[in-house]
Amino acid sequence: MSETPLIVVTRRLPAMVEDRMRALFHVRFNGTDEPMTREDLAAVMSEATVLVPTVTDRVDAGLIEGAGPSLRMIANFGNGVDHIDMAAATRRGILVTNTPGVLTEDTADMTMAMILAGPRRLAEGMRILPDGLEWKGWSPTWMLGRRLGGKQLGILGMGRIGQAVARRARAFGLGVHYHNRKPVAGRIEEALGATYWESLDQMLARVDILSVHCPHTPGTFHLLSARRLKLMKPDAYLVNIARGEVIDEAALIEMMEAGLFGGAALDVFEHEPEVDPRWIALARKGRVLLMPHMGSATIESRVDMGEKVIVNIRTFLDNHRPPDRVLPSMM
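Conventions we followed
Residue positions are counted from 1 within each chain, in the order its sequence is given. Residues qualify for local features only when their pLDDT is at least 70, as the model is predicted, and side-chain atom pairs are given and counted only at 80 or more; totals for whole chains, interfaces and linings, by contrast, use all residues. In computing side-chain values, all of the structure's heavy atoms are included and hydrogens and water are not. Strands were regarded as paired on the criterion that DSSP finds at least two bridges between them. Only DSSP runs of H or I reaching four residues or more are called helices, and only runs of E reaching two or more are called strands; each is numbered from the N terminus. Axis lines are fitted through C-alpha atoms, for helices just across the contact stretch, and the angle between N-to-C directions can take any value from 0 to 180 degrees. UniProt positions are given in the numbering used here, feature names are shortened, and annotations may be inferred rather than shown by experiment. For a helix, the expected span equals 1.5 Å multiplied by the number of residues minus one. Note on exposure labels: buried denotes an accessible area under 20% of the residue type's maximum, exposed denotes more than 50%, and partly exposed covers the range between, all computed with a 1.4 Å probe on protein chains only. Any two residues whose heavy atoms approach within 4.5 Å at even a single point are treated as in contact. Nonpolar core, defined: a set of buried Ala, Val, Leu, Ile, Met, Phe, Trp, Tyr and Cys residues in which side-chain atoms within 4.5 Å join the residues together. Patch membership requires more than 30% relative accessible area and the absence of a salt bridge. Residues of like charge join within 9 Å; the nonpolar side chains Val, Leu, Ile, Met, Phe, Trp and Tyr join within 5 Å. Only the protein chains shown count as cover for residues, and all accessible areas are computed by the Shrake-Rupley method using a 1.4 Å probe. When a carboxyl oxygen of Asp or Glu is within 4 Å of a side-chain nitrogen of Lys or Arg, the pair counts as a salt bridge. For Phe, Tyr and Trp, rings pair up if their centres lie within 6.5 Å, where Trp contributes its six-membered ring, and each pair is then called stacked (planes under 30 degrees apart), edge-to-face (over 60) or tilted (otherwise).

## Quick look at the sheet that holds strand 3 (residues 50-52)
Piece 1. Spatial strand order, 2-1-3-4-5: 5 strands in an open sheet with parallel pairing. The strands lining the two open edges of the sheet, one partner per strand, are strand 2 (26-28) and strand 5 (95-97). Direction aside, neighbouring strands of the sheet carry axes that sit 20° apart on average.
Piece 2. As paired strands, strand 1 (residues 6-9) and strand 2 are joined by 3 bridges and run parallel to one another. Considered in strand 2, the bridge of Leu6 is made with His26.

Written out as structure tokens, the structure reads:
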């Protein structure tokens, strides 16, 4: 490329990642770490060669179509690209990459923690002493939760993270079931001891715990609709660490308020960072565990994500195909 490419990063990244990017590129960082407004994004997209956004940036068709002629690449810092209009990027000839694989184990660890926390009422128990709530000592009938061993876990989306969760779940004695667009390879299914359900409806009716690991696409928006949530057992437990839009939150809240659903642990929300106040009320009653989008929040995963972004950008600027290019057909 004849002119020095400008790389614009929309949020603060780990210091070691930023230092490496400074050494390699002409880069501009967001020093405040405040999410960019639409106007901010439009301004930087008018002059950048490469935009490095995160899940907090809604890079829609209007922004892409109004971008300057120098914008050639969107190197997403993250795995999901549902916040980027892929069709608009393709029309403009803008290449999109992501950072797959590096957050698998950390996200699976957090998922397992949430699976454990709900049935065993860990969040409720952790509040009792620090909040000065009454505790008269051990009692045979106090704070009883549910045993995990022998329960049936349903995994919605058996990609890298879903498989990592299945491996952990087997160690806790959970039966593993899954629904995917197609079955995984037979050797993987056998190793995980997993049962494939072509019908999501049939799987939902049979599992005690459901863990969501599918991406947000037009086809998965409210995939767990009011109708499907009502198929689940009244004492079922739902864990979502994928995308909030996959679940009809309003329907789930209404069912929980009416005592028609067992419980939930949520790390993502349909309209985040806004959280429906009814979730807060349910959390205070111990009915739901709420986490502030922490699924992949480890130093190691963030550094690994940054390294993938750097490799993708360097490969692109060297006029080669980046290893993590995302195509519309993959969505």
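## Remarks on the UniProt feature "domain: D-isomer specific 2-hydroxyacid dehydrogenase NAD-binding" (unreviewed entry) in the protein chain
Piece 1. The UniProt record annotates "domain: D-isomer specific 2-hydroxyacid dehydrogenase NAD-binding" (unreviewed entry) at residues 112-295.
Piece 2. Split by type, residues 112-295 is 32% helix and 15% strand. Its first and last C-alpha atoms lie 11 Å apart.

## Observations concerning helix 7 (residues 160-171)
Piece 1. The end-to-end C-alpha distance of helix 7, which contains 12 residues, comes to 18 Å, matching closely the 16 Å that a straight helix rising 1.5 Å per residue would cover.
Piece 2. Of all the residues in helix 7, the buried ones are Ile161, Gly162, Gln163, Ala164, Val165, Ala166, Arg168 and Ala169.
Piece 3. Tucked into the core, helix 7 has its buried residues touching helix 5 (104-117), strand 6 (152-156), strand 7 (175-179) and helix 8 (186-192).
Piece 4. Once helix 7 finishes, Gly173 follows within two positions and takes phi at roughly 80°, a positive value.

## Thoughts on the nonpolar core
General note: in soluble globular proteins, nonpolar side chains tend to be found buried as a group.
Piece 1. Counting 50 residues, the largest nonpolar core has Ile7, Met21, Val52, Ile115, Met158 and Ile313 as the members making the most contacts within it.
Piece 2. For this core, the element with the most residues is helix 13 (residues 299-317), which contributes 7 residues.
Piece 3. Those residues in contact with Met21 that lie beyond four places of it in its chain are Ile7, Val9, Leu13, Val27, Phe29, Ile310 and Ile313.
Piece 4. Core analysis: the second largest hydrophobic core is formed by 30 residues, Trp197, Ala242, Phe261 and Trp279 among them.

## Structural notes on the UniProt feature "domain: D-isomer specific 2-hydroxyacid dehydrogenase catalytic" (unreviewed entry) in the protein chain
Piece 1. UniProt tags residues 8-326 as "domain: D-isomer specific 2-hydroxyacid dehydrogenase catalytic" (unreviewed entry).
Piece 2. Note that residues 8-326 is 36% helix and 13% strand, and that its end C-alpha atoms are spaced 19 Å apart.

## Quick look at a nonpolar patch on the surface
Piece 1. Side chains of Leu129, Trp135 and Trp142 sit close together on the surface and give an oily, nonpolar patch of about 360 Å² of accessible area.
Piece 2. Structurally, Trp135 can be placed in the loop between helix 6 (122-128) and strand 6.

## Topic: the packing of aromatic side chains
Piece 1. A complete count under the given rule lists 1 aromatic pair for this structure.
Piece 2. Ring centres 5.2 Å apart and planes at 50° place the aromatic pair Tyr178 and Tyr196 in the tilted group. With a gap of 18 residues between them, Tyr178 in strand 7 and Tyr196 in strand 8 (residues 194-196) connect regions that are remote in the sequence.
Piece 3. According to the relative accessible area criterion, Tyr196 is partly exposed, its value standing at 23%.

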